[in-house]
Every structure is written in C-alpha cells, then in structure tokens.
Amino acid sequence: MKRIVAILLLLICLCGCAPRRHYCSNSINNKITEEKSTEEILEYFKKERYKAFIKKHAKYLHTVKTDEILDNIYKYGKDDYDREIMLAMFAKESKFYERADSFLGARYGRGIGQVSEIGLKDYNEKNNTEYKPSDLYDIDINIKIAYWIFHHNELYGVVGRTEKIIAYNRGAEKVKRERDNPNLVYYYGVMELYNEIKS
C-alpha cells in the first residue's frame, strides 16, 4: 500500500510540475481537468487493487473472469464499502468461480455469490422476474441478485453491518433467532478478507 501511495504521489507531482500545453486559457477549466486526472489515477489504482485481490483468491486463476466480475461489482455496488464487502464475501463464498455449487447441494447456493433457490424465489417474487436456478451461473445475474439479497435482508429485521454480513450466509431468520449468541465465524472470515482489500 505504501508503495502504491508513493507511486501515486510521484505521478501527481509529475503532473503538477511538468510543463503544460495550454489548450484552454480558462484557469478554472484547467483546474477541473487536473482534479479529474487525480481522481482517475486514484480510481485506476483502486481497480488494480481489486483485480489483484480477485486473482489471489480465485479458485481457477487461468479462467477467472476478473474484468466481468469487476464490471458488475461497479454496476450494482452503491459505494466503495458496498463493492469491497461484496468482493470479500464472494471470495469467501465461491473463490470467484461462476460455476460453483454449495457443498450442501446446488439448491443452497450457486455461482459467484452462492445465491440459494430460496433467495432466487424471493427476488423473482419481489421484482416480477422469472430467473431460473441455472441463470445463477451467469455472473451479471448472480451479482445483481446477491446485492439485492444483501440489502433486502434489512426489511426482514436484520440490523447493522455485522448482522447483514451474517444474514447473507445464514439467512435473516437465523440471525434474529441467534441474536443473543450470534455465530460470528463467517463474519470474522469475511472481515479478514475485507481488511486485506483495504490494506
């Protein structure tokens, strides 16, 4: 992380100190352009960090669809936390393998986000869609439904980030029943991966 910051500062310094060709005499427009460039550099390094994380934790490095996964993480994620916590959960759930089935049986989890048939049924009913279990092997569909389930659990009485993460794996009803003695194994595993992304 320190190396990335050092490189970033060097690039910013070079951009700031190098002679510029003034295509626009308006200094305000030039300032906006400089700020946008800095934001683009920051975003570039962030995406490279995400890509490195996906490749590190991929079940099959030579076939992992890094760009497609990342495109959909950005497509459906609300913000950096949303994207990063979901990356951590996908690493935990499937190791980014889009054909993954739950060890308990495919009906308990399919694809990148290990979406269950119960979760799929709930999504279809609430969103007037007709996705089939086999559709969950599609990365776009799977990630879209995974995000929906993650946030929709709040409507079932799940409270706070910790419970939302546990509920994604164990279900909202179990989380509420176990509130006095929560099963935190999954949560700690996800948070370890999340902290790795942030480091």
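Our subject is the structure listed above.
Let us look at the structure shown here. All values reported here derive from a predicted model rather than from experimental measurement.

Parameters at a glance
- Residues numbered from 1 in each chain as written.
- Predicted model: local features only at pLDDT ≥ 70, side-chain atom pairs only at ≥ 80, totals over all residues.
- Heavy atoms only, no water.
- Helix = DSSP H or I, 4+ residues; strand = E, 2+ residues; numbered from the N terminus.
- Buried < 20%, exposed > 50% of the residue type's maximum accessible area, 1.4 Å probe, protein only.
- Contact = heavy atoms within 4.5 Å.
- Areas by Shrake-Rupley, 256 points an atom, 1.4 Å probe, with all protein chains shown as cover.
- Salt bridge = Lys/Arg side-chain N within 4 Å of Asp/Glu carboxyl O.
- Phe/Tyr/Trp six-rings, centres within 6.5 Å; stacked < 30°, edge-to-face > 60°.
- Lys NZ or Arg CZ within 6 Å of the ring centre and 35° of its normal.

A look at the overall build of the chain
Inference 1: Regarding its fold elements, the chain presents nine helices and zero strands.
Inference 2: Mapped from its N terminus to its C terminus, the chain presents α and β elements in the order α-α-α-α-α-α-α-α-α.
Inference 3: Considering the chain as a whole, with its 199 residues, one finds that 40% of them fall into the buried category.
Inference 4: Restricting the contact set of the chain to residue pairs at least 6 apart, pairs at least 24 apart contribute 55%.
Inference 5: Split by element, the accessible area of the chain, about 12,200 Å² in all, is 53% carbon and sulfur.

Focus: the pattern of salt bridges
Inference 1: The final tally for this structure, using the stated rule, is 16 salt bridges.
Inference 2: For Glu 163, the salt bridge is made with Arg 179, and the minimal N-O distance between the two is 2.8 Å. Residue Glu 163 is found in helix 7 (residues 160-170), and its partner Arg 179 is found in the loop between helix 8 (172-177) and helix 9 (185-198); the two are separated by 16 residues along the sequence.
Inference 3: Residue Arg 179 is classed as partly exposed on the basis of its relative accessible area of 37%.
Inference 4: Each member of the salt-bridge network shares a partner with another, and the members are Glu 43, Lys 46, Asp 80 and Arg 83.

Focus on the packing of aromatic side chains
Inference 1: One pass over the full model with this rule turns up eight aromatic pairs.
Inference 2: Taken together, a centroid distance of 6.2 Å and an interplanar angle of 85° make the contact between Phe 53 and Phe 96 edge-to-face. Here Phe 96 lies in the loop between helix 4 (80-94) and helix 5 (117-127) and Phe 53 lies in helix 2 (residues 27-57), a separation of 43 residues in the sequence. The same class applies to Phe 53 as to Phe 96, namely buried.
Inference 3: An aromatic cluster is built from Tyr 123, Tyr 131 and Trp 148, whose rings are joined through pairwise contacts.
Inference 4: Across from the ring centre of Tyr 74, 4.4 Å away, lies the NZ or CZ of Arg 83, which sits over that ring.

Digging into the environment of Glu 192
Inference 1: Mapped onto the fold, Glu 192 is located in helix 9.
Inference 2: Classification of Glu 192 as exposed rests on a relative accessible area of 60%.
Inference 3: Through-space distance from the C-alpha of Glu 192 to that of Ala 88 is 8.3 Å; in sequence the pair is 104 residues apart.

Some remarks on the environment of Lys 59
Inference 1: In this structure, Lys 59 sits in the loop between helix 2 and helix 3 (66-76).
Inference 2: The partly exposed category is assigned to Lys 59, whose relative accessible area is 45%.
Inference 3: Linking Lys 59 and Lys 95, residues 36 residues apart in sequence, is a C-alpha distance of 5.1 Å.

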